[in-house]
Amino acid sequence: MKILTAQTNSSYPYQGQKLEASVTSPESTSSAPVESFRFSGHTNVKEGLISGVLGVIPLTGAAYNFGAGVQAEFNGNDSAAPPARIGMVSNLIGTAALIGGAFSGNGIAVSAGLGLLGVSGLTAAYVGSL
């Protein structure tokens, strides 16, 4: 089976450019990869920022950090799994401290809870940017 491709000739300045046909055999195109699969696409700052915002939300951030850690381990990125675990634990403890401090009126517990939620957000941003 022959595959025909069209090429334009740049020497014609008008819109109706002349097309030249070239013949390519399937054997020459078989060496190129047909498809690729990538489970994780976290490679930029924008996704890291979105991940960081998700990581700060109480309980949602814990679930996000857990999912990011599992995904990192599945993809073989072992350097991202420990920060994801730290983020998950800090989000759970921070949520508990924030709720406990709000109900008891303890400002130190509220501040500690917000700080731990911030740690969760930072770890989520780190894992999300990988």
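The text that follows walks through the structure, step by step, so that each part is easy to find. For clarity, every value in this text was computed on a predicted model and none was experimentally measured.

### As for the overall build of the protein
Now for step 1: Counting its regular elements, the protein contains five helices and two strands.
Now for step 2: Within the span of the protein, comprising 130 residues, buried residues form 26% of the whole.
Now for step 3: Roughly 8600 Å² of accessible area belongs to the protein as shown, and the carbon and sulfur atoms make up 66% of that amount.

### Describing the packing of helix H3 (residues 60-74) against helix H4 (residues 81-104)
Now for step 1: At a minimum axis separation of 8 Å, H3 and H4 run at an interaxial angle of 165°. Classified by the angle between their axes, H3 and H4 sit roughly antiparallel to one another. The crossing of H3 and H4 is left-handed. Counting all contacts with H3, which are made through Gly 61, Ala 62, Asn 65, Phe 66, Ala 68, Gly 69, Ala 72 and Glu 73, the residues of H4 involved are Ala 81, Ala 84, Arg 85, Gly 87, Met 88, Asn 91 and Leu 92.
Now for step 2: Tallied by class, the residues present in the contact of H3 with H4 amount to eight nonpolar, five polar and two charged.

### Observations regarding the nonpolar core
Now for step 1: Judged by nonpolar contacts, Tyr 64, Ala 68, Ala 72, Ala 80, Ala 84, Ala 124 and Val 127 together constitute the single largest core of seven residues.
Now for step 2: No other element matches the three residues that H3 contributes to this core.
Now for step 3: Once residues lying within four places of it in the same chain are set aside, the contact partners of Ala 72 are Asn 77, Ala 80 and Ala 81.

### What to know about the pattern of salt bridges
Now for step 1: Overall, the coordinates contain one salt bridge when judged by the stated rule.
Now for step 2: A salt bridge links Arg 85 to Glu 73; the shortest N-O distance between them is 2.2 Å. Highlighted residues: Arg 85 in helix H4 and Glu 73 in helix H3, separated in sequence by twelve residues.

The rules behind these values
Residues numbered from 1 in each chain as written. Predicted model: local features only at pLDDT ≥ 70, side-chain atom pairs only at ≥ 80, totals over all residues. Heavy atoms only, no water. Helix = DSSP H or I, 4+ residues; strand = E, 2+ residues; numbered from the N terminus. Buried < 20%, exposed > 50% of the residue type's maximum accessible area, 1.4 Å probe, protein only. Areas by Shrake-Rupley, 256 points an atom, 1.4 Å probe, with all protein chains shown as cover. Axes fitted to C-alpha atoms, helices over the stretch in contact; angles between N-to-C directions. Parallel < 35°, antiparallel > 145°, perpendicular 65-115°, else oblique. Left-handed = near helix turned anticlockwise from the far one by under 90°. Contact = heavy atoms within 4.5 Å. Nonpolar A, V, L, I, M, F, W, Y, C, P; charged D, E, K, R; others polar. Core = buried A, V, L, I, M, F, W, Y, C linked by side-chain atoms within 4.5 Å. Salt bridge = Lys/Arg side-chain N within 4 Å of Asp/Glu carboxyl O.

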